[in-house]
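# Examination of the molecular architecture
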Amino acid sequence: MQENNNDNNYHHHHNSQLLPKRIILVRHGESEGNLDNAAYSTIPDHEISLTDHGRAQARLAGSHLRDLISSHGSSPKWQVYFYVSPYERTRSTLREIGKSFSKKRVIGVREECRIREQDFGNFQVEERMRATKETREKYGRFFYRFPEGESAADVFDRVSSFLESLWRDIDLHRLHNDPSQDLNLIIISHGLASRVFLMKWFKWTVEQFEHLNNPGNCEIRVMELGHSGEYSLAIRHTEEEMLEWGLSPEMIQDQKWRINANKANWNDHCGWYFNSFFDPQLDSEDDDDTDQIYVDTDS
């Protein structure tokens, strides 16, 4: 019995020429809050600015992004489309990254509130926030909700909504990209939003999320389209990098498999995912039934 699920999976119905060649996640550069947590007690989180070092990080990231996009077999007429969180530090990061791209390469930019930072409340008292984060570690990072703020689960919900809109934009050709040119979507956001974006996309479990490490300032994570129409982190990133991010060996193997994936074989390939929900020795009086259960693999 096959599960029928349309969860954000517009891309499986697309001509591959319409799909972005890459979806690139970038965390903002070093901010005043990264340098001194006390800044959050007097400055609203959305107004926290970059440091000089953070701006330099963003300029370097822009140069790296341009080199990555313009090489590795890209079309000579590649294009970029930016999505950016409305926070000052992300918009400033975009401004510095944008210096590496000519206007003819940038086909659009959109401020997107749903990829903003996790809401920790309003002004943050440093000592109280330190105690609150200690409690979060005991409770679990995904489900712990900050007083007057959000949990990672809340961020997951709004990022999921953003993904649905993203695929509708592609489906309805709202990005106005030329199918003969490689399209690169660059999403400039925050550490947690980037982690839950990947969690949603690759259907990682809450347990797997708990082991993920936050990306560094201006760290870039590249999802590239594989030969079979699946996106993978393993095309542009090494196994060592992904281990440092907190991916398990099984998650890394899945990323490698996605490069040349055959969706029909997903259940056979990813038995570890099925076994995370069921007893590995599961048997049933219905074993001889010809129906097969499929794990939903749509992104």
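Above this note sits the structure.
Report on the accompanying structure. Every value quoted in this text rests on a predicted model; they were computed, and no experiment measured them.

## Some thoughts on the packing of aromatic side chains
Taken as a whole, this structure holds 15 aromatic pairs when the rule is applied. When the ring of phenylalanine 82 is compared with that of phenylalanine 101, the centres are 5.9 Å apart and the planes differ by 75°; the resulting orientation is edge-to-face. Linking phenylalanine 82 in strand 2 (residues 79-84) with phenylalanine 101 in the loop between helix 3 (88-97) and strand 3 (106-111), this pair joins segments that are 19 residues apart in sequence. The pair phenylalanine 82 / phenylalanine 101 is uniform in exposure class, with both members buried. With 6.5 Å between their ring centres and 45° between their planes, phenylalanine 162 and phenylalanine 197 make a pair best called tilted. Placement of the pair is phenylalanine 162 in helix 5 (residues 152-171) and phenylalanine 197 in helix 6 (residues 191-202), with a sequence separation of 35 residues. The exposure class assigned to phenylalanine 162 is buried, which follows from its relative accessible area of 1%. We classify phenylalanine 197 as buried; its relative accessible area is 2%. Of the aromatic side chains, those joined through ring pairs into one cluster are Tyr81, Tyr83, Phe162, Trp167, Phe197, Trp201 and Tyr231.

## Brief notes about the packing of helix 2 (residues 52-70) against helix 3
Remark: helix 2 packs on helix 3, axes separated minimally by 7 Å, with the N-to-C direction vectors making an angle of 50°. By the angle between their axes, helix 2 is oblique relative to helix 3. Judged by the twist between their axes, the crossing of helix 2 over helix 3 is right-handed. Only Thr93, Glu96 and Ile97 of helix 3 make contact with helix 2, whose side of the interface consists of Arg55, Ala58, Arg59, Ala61, Gly62 and Leu65. In the contact of helix 2 with helix 3, the residues fall into four nonpolar, two polar and three charged.

## A word on the side chain of lysine 21
Checked against the element boundaries, lysine 21 lands in the segment before strand 1 (22-27). Sequence-distant contacts of lysine 21, defined by excluding residues within four places in its chain, comprise His72, Ser74, Asp182, Leu183, Met223, Glu224, Leu225 and Tyr231.

## Some words on the environment of glutamate 219
Summarising the element assignment, glutamate 219 is placed in the loop between helix 7 (206-210) and strand 5 (220-225). Take glutamate 219: its relative accessible area is 25%, and that puts it in the partly exposed class. The sequence separation of glutamate 219 and glycine 29 amounts to 190 residues, and the corresponding C-alpha distance is 8.4 Å. Leaving out residues up to four positions away in the same chain, glutamate 219 has contacts with Leu25, Val26, Arg27 and Trp245.

Scoring rules and cut-offs
Residues numbered from 1 in each chain as written. Predicted model: local features only at pLDDT ≥ 70, side-chain atom pairs only at ≥ 80, totals over all residues. Heavy atoms only, no water. Phe/Tyr/Trp six-rings, centres within 6.5 Å; stacked < 30°, edge-to-face > 60°. Helix = DSSP H or I, 4+ residues; strand = E, 2+ residues; numbered from the N terminus. Buried < 20%, exposed > 50% of the residue type's maximum accessible area, 1.4 Å probe, protein only. Axes fitted to C-alpha atoms, helices over the stretch in contact; angles between N-to-C directions. Parallel < 35°, antiparallel > 145°, perpendicular 65-115°, else oblique. Left-handed = near helix turned anticlockwise from the far one by under 90°. Contact = heavy atoms within 4.5 Å. Nonpolar A, V, L, I, M, F, W, Y, C, P; charged D, E, K, R; others polar.

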